[in-house]
Structure formats: structure tokens, C-alpha cells
Protein chains: 2
Amino acid sequence: MVTIKDVAKKADVSVATVSRVINGLGGVRPATEERIRKAVEELNYLPNVIARSMVMKRTETIGVIVPDIANPFFPEVIKGIEEQARDSGYTLFLANTDESVEKERQLLHALRERRVDGLIVTTADEQHSPLMDLELGGLPVVLVDRHIQDSPYDSVVIDNVDGAYTAIKHLVTTGHTKIGLIAGPDHVTPGRERTEGYVQALRDFEIPARDQYMKEGDFKEESGYQLGKELLSLSDPPTAIFSANNLMTLGLLTCIRDQGRELGKDIVVVGFDDLDIATFVDPPLTVVSRPMRQMGEIAADMLVERIQGKTFPEPRKVILIPRLIVRSPDRVE
Amino acid sequence: MVTIKDVAKKADVSVATVSRVINGLGGVRPATEERIRKAVEELNYLPNVIARSMVMKRTETIGVIVPDIANPFFPEVIKGIEEQARDSGYTLFLANTDESVEKERQLLHALRERRVDGLIVTTADEQHSPLMDLELGGLPVVLVDRHIQDSPYDSVVIDNVDGAYTAIKHLVTTGHTKIGLIAGPDHVTPGRERTEGYVQALRDFEIPARDQYMKEGDFKEESGYQLGKELLSLSDPPTAIFSANNLMTLGLLTCIRDQGRELGKDIVVVGFDDLDIATFVDPPLTVVSRPMRQMGEIAADMLVERIQGKTFPEPRKVILIPRLIVRSPDRVE
DNA sequence: TTGTACGCGTTATCAC
DNA sequence: GTGATAACGCGTACAA
């Protein structure tokens, strides 16, 4: 490998001078600079960022931990993060936990060993996140999508209660009173809060909540299918179902099809998070949509600020408002 | 930050000894080791991998470059890579080019500066990949999905010709002779070869190829929509269309719906790469499917071997065979 | 304007 | 068994 020393030798100057021009510090005679640039060029010299970060004590690197990179939500968030991060000169370490706390712990370890300057994470389990019992030593962290109660970290989340509430309100407005829920897991806020919005809306509209209409899934496709089946086979089934995330909505739709029910007639579906098939099923699906990319951008911005040493009296919490995309009449017959 | 020195001081030994126990080199008195482990524990010491890699001259880090992380194909591949890489102790730098050669160049630069031990990349442009004109200095590279002609790199790809051929054969077998093609871009093998499979099949089955049935898209949803429209509005439209990737298939299906055509009756669709909606449309879609995860695993394996210094007389090229998933009769009326 | 020399946190090579 | 110490490649006082 060619080092700064080689360049110095070739340009017949000291390493200090080379360093100066590489980092644009100025104070170098134009002729000298010219010689150095030429040497850099000819030797195909590439600064060793590893060595640099040793002395600078920062790696210009950000760790990003998501629970499921195959869920279309996260790639969009990641795009937002990456774009913003790159603008500030950071490169990403991306890692996937598969919703496993254990993997999250291992990844956290690996990233800290690598001395990332900061972390953006969607934890696998808010109650038992390794983020809390690990001694992070002041490493900046920003939470995305899932908030950790009483944590010292900034976070950017969605107003899930509002989103779910709006969805249910829409269903009530279009005439439904028998509304089923395929909920997310209770140990993460997106799960808990969407259920909360559902319950709150029913209460506000004075519709009695029935236990058998509320099923808790795990945000995965299969559970949407299973729970949909349970709901549809009730003796007095709901006329509408609110599904708490994209993957479960997918499963639910498959189930409805398999059961020979007619969407929009036998059963109306509204889902949290938009998906490809939403505009394909007939009638198209009304969904709660949110600014995924923007969530990533904001997270990256907040993290960079923290890395730069900004402090705030309280951890910041940015709450974005989701938007209901009405695609069908969704009326009950 | 607590360093190896702090541990040494606390355990009253030299840094050398601490290093020995951390790396399990043995040759340390059990009592001493015990003291050291305790010190590590109490100080919450985390080895600095950055410093280590300075002397070891390797970072245990792999750069992964994909053109579009939002295309469901890549997250699956990435999962395969990550799993396998982690087993070998590597952590990933993930980056997204958005199909831009310029971004690819920048990312390559950033990753090389960070001294990744190897690279797994799906290039944005096989003809003008920065991989070729950059002086990589022997850095191991494995290509995924898109092959670069005459490059010295290992690659893992799909037999696109076979996949497309099989799809067309299926259509011919089910009675179609008027078969349209929504092709991928010609400057990448997946595009070129799938077209080749289409052409080859038509020839073998003695069906004249018509120019107006062949449209070249860019692998993005919008182009599937546009080209579908063109095909459907021909005076003598095809009875079946083969779409060269998932996103374009998505666009095509939307188009068919918008145009009020009836899938499976007015027009039959077969797509390359499976997608969520494939089982949702009615009738369900027959698709060419491939082992995405496995592609990632193989790529990671090959890269690790290269990093470990294995050499081969020729660059290796692993060609996986795709599988046709027949979901409908697909007969022509 | 430029050069010397030290330090960043580790590992590895010698001595002891 | 254990300890000094020289690298690794770079940034930066400080000196010249």
C-alpha cells in the first residue's frame, strides 16, 4: 500500500506538508502543492481513513440497526438516512436483527468495537433493548419508529395513535360498527399505540369494543393470515378489519381471497402502511401512509447534531403525523 | 475511552499480557488471566478494532454496493450476504447507488478509503463500471447478478437466458404465439440475456419475432406501465407478455387494470422474479423465481475465500438456475 | 512555508 | 510467563 510517506518522498517534502494539502489546510506554497498533487496522482495514493480516525478519534461512520430489511418500510428509511448521512461525510454500517434481541446485542457490540460515531436503531424489543443495559459511554443514539420508554435517546416516530384513530374513524364514518383489529405486538410502541388508537376511536364513537374482534399478531405476514381467518370465522364476523402493518395486511388479504370472501363487499380492509398490492386489489385499499424517507432523514440529521456535540435539556422526540389515503368508498352494504 | 493500557495498569501487568488473554493466545498464568478478565469486566473495556486493524492490516469489513435497496430482490440477497459474512467475523458497509455510475464511483472510493477487505457489488452499468478503470490494487471483488465482461472478478449470477426461455416455452406450450416482451436495459446482462432467452425460444418454436412486440424498459415500475400500454394498444396486440423484472411486472399489471383488460383472458402475463402481488391478481401470476438468499450466501463465501488468499486460474462464475413457478393455466382462449 | 517528533490503541518480536 | 518496544499510517504541536 502506498502511504503518505511515499507521497512525501516522491514530492520531496515532509509528510506534514502532504497532510496539509490533502486536508486543504492551506499555508503551502502553490508550487509545492502542485508537486504533491502530482505525486498523489501518480502513486494513486488513497488516504488511510483507518489511520486517520486513530488520531482524530472519530470514524465518520454511523451504525444502523433495523429489525427486518425485507420489510419495505426499512429500505425507504435507510435511503433517507444514507443520503443525509453521506452529505455530512458519514458512511453507514447496516445491520439486520431479524427481530432478535440477541442479534441486536451482538450487532451493537460489533459496531461499538468498530467505534462508530453514532447509532440509529429500531430496536427489536423496547422493554429489553440492549441499548438500555449496555454501557454506551455517551455514544449518540437516535431511535427510529420504536421508542424506548425513559431512554436518554432522541427519537423520530409516527403518531400511531392518530393514524389508527383516523383509520377507524374513516370506517365508522363509512358505516361500519363491527370493526376487527389485527394488532401488532404489545412490546413495541407501533403495536401498542395502534391498538390504542383503535380502542380510543371506538370509545369516542360509542361503539362497544368486543374482545373477540381484537387479535394480536407479530407484524409478520403469516399472523395476518391466521388472525384474519379467526376473525372471518366468527359467528358474527366484523364487516371491516384494521390491520396494524403492511406485512399482516398482506397476509390478511391472502386469507380473504383463500376464504372466498369478497373484498369491499363481505369485508372491508384498512391497513397501516402502504403496500404495492393496495392499488391492485379490487377495490383498492385505503391505507395509513407515512413519510418513511423523511423519518430517515430526520434521524440522520438529529444524530449528526448529537455527534457534533449539541446537547438538549431533554431527549428530543420528533413525532410525524401519518396520512390516510382513501382509495375506496369502503361503505358497508 | 478505556484502553488496553488502563486494563494493564489495573491488573498490574503489561499490555502485552492483556493482549494475549484478549486474543486467547495462551501462555498466561491462570491467576494472571483471572485478574485481567476482572479488570476488563470492571472497566467495561472494549477492544478498539480500529487500532487493531492498523497493525493487522485488515478491517474484517466488507463493502456491499447495490443499485436499489428498495427493490425486494436486494434485501434478500443482502440477508444472505450478511448472515454468511457474520459467521466469518465480517461486518458490512452497505451502500446504494440508485443505478448511478457516479454514485457507484464515490461509494467505491469511500469504501476503499475505509480499507474494506473486500467488495460485493451489483454494478450500475456493466459497460462503464468504475470497477474496471479504478486501480483496485488487488482488492477482492465478487459480482452479484450483473456480470462484467472480461473482468477479473468472481461472480454469482442467474441463467437469465434459461429463465426467459423457460417462461416463453411455457407460454408457447399453453397455446400462445403472439408474445410480447418488456425487456430490461441492454447495458446489463440481466436485461440483455432475458431478451436473448425470449428471442431464442421464439426461434426454436418457429414463431416469427415481431419488432413491435419487443419494448425495452429500464427495470423500473413506470416503464412497465408505459410499455405495457404501448403493447396493448397495438392493432394486433400480443395475447401474452413476458416482463423482464419484478418492478416492471408491477407496472404492467397496473396498466392492464387501468386499461380495463382482463388478466388471464385478454392478456396473460409471466414475469421474471416473484413478487407479492403475484398470488393476488386473478388468476395468480406465473413467474420465474430465483434463490436470492442463496446468491448472497454464495457471493459472501466466494469473497471470504478470496480474502483468505485463495486463488484460481480463472475468475469463478457461479450460474444458478431459476425456476418457473406455474400458478395458472395461462391458456389462450 | 516547511520539517521533526510525538501520540492514537493495538499486535508482535524479542528479551528476560 | 511476562514485559519493553517497535511498528501500523496519519494529524498536529512546535520548532526552525
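Residues numbered from 1 in each chain as written. Chains lettered and ligands numbered in written order. Predicted model: local features only at pLDDT ≥ 70, side-chain atom pairs only at ≥ 80, totals over all residues. Heavy atoms only, no water.

- As annotated in an unreviewed UniProt entry, chain A carries the name LacI family transcriptional regulator and is attributed to Marinithermofilum abyssi.

**A few points about the overall build of chain A**
Here is step 1 of the chain: Of the regular secondary structure elements, chain A holds twelve helices and twelve strands.
Here is step 2 of the chain: The C-alpha radius of gyration of chain A comes to 26 Å, more than 25% above the 20 Å expected for a compact globule of 333 residues.
Here is step 3 of the chain: Judged by the C-alpha coordinates and their principal axes, chain A covers about 90 × 40 × 30 Å.
Here is step 4 of the chain: Split into buried and exposed, the 333 residues of chain A put 54% on the buried side.
Here is step 5 of the chain: Within chain A, counting contacts between residues at least 6 apart in sequence, those at least 24 apart form 69% of the total.
Here is step 6 of the chain: Only carbon and sulfur atoms are counted for the fraction: they give 49% of the accessible area of chain A, which is about 14300 Å². (Helix = DSSP H or I, 4+ residues; strand = E, 2+ residues; numbered from the N terminus. Rg over C-alpha atoms; globule rule 2.2 N^0.38 Å. Buried < 20%, exposed > 50% of the residue type's maximum accessible area, 1.4 Å probe, protein only. Contact = heavy atoms within 4.5 Å. Areas by Shrake-Rupley, 256 points an atom, 1.4 Å probe, with all protein chains shown as cover.)

**Comments concerning the relation of the copies chain A and chain B**
Here is step 1 of the chain: Once chain A has been moved 0.0 Å along the axis and rotated by 180 degrees, it coincides with chain B to within an RMSD of 0.1 Å. Both chain copies can therefore be described as sitting about a two-fold axis. Looking at the rotation axis and the C-alpha trace of chain A, the residue lying nearest is A:Phe93, at 2.3 Å.
Here is step 2 of the chain: A symmetric contact is evident, with 100% of the interface residues of chain A recurring at the interface of chain B. (Least-squares fit on C-alpha atoms with pLDDT ≥ 70 in both.)

**Examining the domain arrangement of chain A**
Residue and element names in this part refer to chain A.
Here is step 1 of the chain: Considered domain by domain, chain A is made up of domain 1 (4-56), domain 2 (61-158 + 292-320) and domain 3 (160-290).
Here is step 2 of the chain: In this assembly, 14 residues from domain 2 lie in contact with 15 residues from domain 3.
Here is step 3 of the chain: For the pair domain 2 and domain 3, the summed buried area comes to about 1200 Å², and 46% of that belongs to carbon and sulfur atoms.
Here is step 4 of the chain: Along the contact surface separating domain 2 from domain 3 lie two salt bridges.
Here is step 5 of the chain: Across the pair Asp-145 and Arg-290 runs a salt bridge whose closest N-O atoms are separated by 2.8 Å.
Here is step 6 of the chain: Inspection of the region where domain 2 meets domain 3 yields seven residue pairs in polar contact (both at pLDDT 80 or more).
Here is step 7 of the chain: Residues belonging to the side of domain 2 that touches domain 3 are distributed by class as follows: six nonpolar, three polar and five charged. (Domains from an automatic or database assignment. Buried area = accessible area lost by both parts, 1.4 Å probe. Salt bridge = Lys/Arg side-chain N within 4 Å of Asp/Glu carboxyl O. Polar contact = N/O pair within 3.5 Å; in protein donor to acceptor, adjacent residues only side chain to side chain. Nonpolar A, V, L, I, M, F, W, Y, C, P; charged D, E, K, R; others polar.)

**Quick look at the side chain of B:Arg114**
Here is step 1 of the chain: You can see B:Arg114 is positioned in the loop between α6 (101-113) and β3 (118-121).
Here is step 2 of the chain: Although B:Arg114 is buried, it forms no salt bridge, and the closest oppositely charged side chain is B:Glu113 at an N-O distance of 4.9 Å. (Lys, Arg positive; Asp, Glu negative; His and termini not counted.)

**Topic: the protein's contact with DNA strand D**
Here is step 1 of the chain: Taken together, the neighbourhood of DNA strand D is formed by 26 residues, with A:Ile4, A:Tyr45, B:Thr17, B:Arg20 and B:Thr32 sitting nearest.
Here is step 2 of the chain: Among the atoms of DNA strand D close to the protein, meaning within 4 Å, 70% are from sugar or phosphate groups.
Here is step 3 of the chain: In the environment of DNA strand D, a base nitrogen lies 3.4 Å from a nitrogen or oxygen atom belonging to the backbone of A:Ala51.
Here is step 4 of the chain: Of all the secondary structure elements, the ones that give two or more residues to the surface near DNA strand D are α2 (15-22) and α4 (49-56) of chain A together with α2 (15-22) and α4 (49-56) of chain B. (Near = heavy atom within 4 Å.)

**With respect to the interface of chain A and chain B**
Here is step 1 of the chain: Counting residues at the interface gives 49 residues for chain A, matched by 49 residues for chain B.
Here is step 2 of the chain: Across the chain A to chain B interface the summed buried area is about 4500 Å²; carbon plus sulfur atoms make up 60%.
Here is step 3 of the chain: A:Lys79 is the salt-bridge partner of B:Asp68, the closest N and O atoms lying 3.3 Å from each other.
Here is step 4 of the chain: Here chain A and chain B share 19 residue pairs in polar contact (both at pLDDT 80 or more) between them.
Here is step 5 of the chain: When residues of the side of chain A that touches chain B are traced back to their parent elements, those giving at least two are α4, α5 (73-87), β2 (91-96), α6 (101-113) and α11 (246-258) of chain A.
Here is step 6 of the chain: It is α6(A) that provides the largest number of residues to the side of chain A that touches chain B, a total of seven residues.

**Here we look at the UniProt feature "domain: HTH lacI-type" (unreviewed entry) in chain A**
Here is step 1 of the chain: Feature annotation in UniProt assigns "domain: HTH lacI-type" (unreviewed entry) to the following positions: residues 2-56 of chain A.
Here is step 2 of the chain: Helix makes up 69% of residues 2-56 of chain A and strand 0%, and the two end C-alpha atoms of the span are 21 Å apart. (UniProt positions renumbered as here; feature names shortened; annotations may be inferred.)

**A closer look at the protein's contact with DNA strand C**
Here is step 1 of the chain: Taken together, 26 residues form the shell around DNA strand C, and within it A:Ser14, A:Arg20, A:Thr32, B:Ile4 and B:Tyr45 come nearest.
Here is step 2 of the chain: One of the side-chain N or O atoms of A:Thr17 is found 2.8 Å from a phosphate oxygen in DNA strand C.
Here is step 3 of the chain: Contacts to DNA strand C include B:Ser19, whose side-chain N or O atom sits 2.7 Å from a phosphate oxygen.
Here is step 4 of the chain: When residues of the surface near DNA strand C are traced back to their parent elements, those giving at least two are α2 and α4 of chain A together with α2 and α4 of chain B.
Here is step 5 of the chain: Among the elements that take part in the surface near DNA strand C, α4(B) stands out by supplying five residues, more than any other.
Here is step 6 of the chain: Of the residues that constitute the surface near DNA strand C, the class distribution is 14 nonpolar, eight polar and four charged.

**Description of the pairing of strand β4 (residues 141-144) of chain A**
Residues and elements named next belong to chain A.
Here is step 1 of the chain: Of the two faces of β4, both are covered, the one formed by Val-141 and Leu-143 as well as the one formed by Val-142 and Val-144.
Here is step 2 of the chain: Where strand β3 (residues 118-121) lies against β4, three bridges are found, and the strand directions are parallel. For Leu-119, the partnering residue across the bridge sits in β4 and is Val-141.
Here is step 3 of the chain: One ladder, built from three bridges, connects β4 with strand β5 (residues 154-158); its direction is parallel. (Pairing = 2+ DSSP bridges.)

**Comments concerning the sheet that holds strand β12 (residues 323-325) of chain B**
Residues and elements named next belong to chain B.
Here is step 1 of the chain: Pairing in this open sheet of six strands is mixed, and the strands run β7-β6-β8-β9-β10-β12 from one edge to the other. The open sheet terminates on both sides in strands that have one partner only, identified here as β7 (214-216) and β12. Geometrically, the sheet is characterised by an average inter-axis angle of 15 degrees between neighbouring strands, direction not taken into account.
Here is step 2 of the chain: As defined by bridge partners, strand β6 (residues 179-183) adjoins strand β8 (residues 240-243) across four bridges and the pair is classed as parallel. (Axes fitted to C-alpha atoms, helices over the stretch in contact; angles between N-to-C directions.)

**A short note on α11(A)**
Residue and element names in this part refer to chain A.
Here is step 1 of the chain: Spanning 13 residues, α11 covers 18 Å between terminal C-alpha atoms, matching the ideal 18 Å at 1.5 Å per step.
Here is step 2 of the chain: Extensive coverage of α11 is indicated by the burial of eleven of its 13 residues.
Here is step 3 of the chain: Taken residue by residue, α11 has Asn-246, Leu-247, Met-248, Thr-249, Leu-250, Gly-251, Leu-252, Leu-253, Thr-254, Cys-255 and Ile-256 as its buried positions.
Here is step 4 of the chain: Structurally, α11 contributes buried residues whose contacts are with α5, β6 (179-183), α10 (221-232), β8 (240-243) and β9 (268-272).
Here is step 5 of the chain: Measuring from the side-chain oxygen of the N-cap residue of α11 to the backbone nitrogen of Leu-247 gives 3.4 Å; that N-cap residue is Asn-245.
Here is step 6 of the chain: One or two steps after α11, the chain reaches Gly-260, where phi turns positive at roughly 70 degrees. (Expected span 1.5 Å × (residues − 1).)

**Concerning α5(A)**
Residue and element names in this part refer to chain A.
Here is step 1 of the chain: Across its 15 residues, α5 extends 22 Å between first and last C-alpha, which sits within 8% of the 21 Å expected from 1.5 Å per residue.
Here is step 2 of the chain: For α5, the full list of buried residues reads Phe-73, Phe-74, Pro-75, Val-77, Ile-78, Lys-79, Gly-80, Ile-81, Glu-82 and Ala-85.
Here is step 3 of the chain: Looking one or two places after α5, you find Gly-89, whose phi comes out positive at around 90 degrees.

**Remarks on the side chain of B:Asn160**
Here is step 1 of the chain: With respect to the helices and strands, B:Asn160 occurs in helix α8 (residues 160-173).
Here is step 2 of the chain: Within the structure, B:Asn160 has its side chain in polar contact with the side chain of B:Arg194 (distance 2.8 Å).

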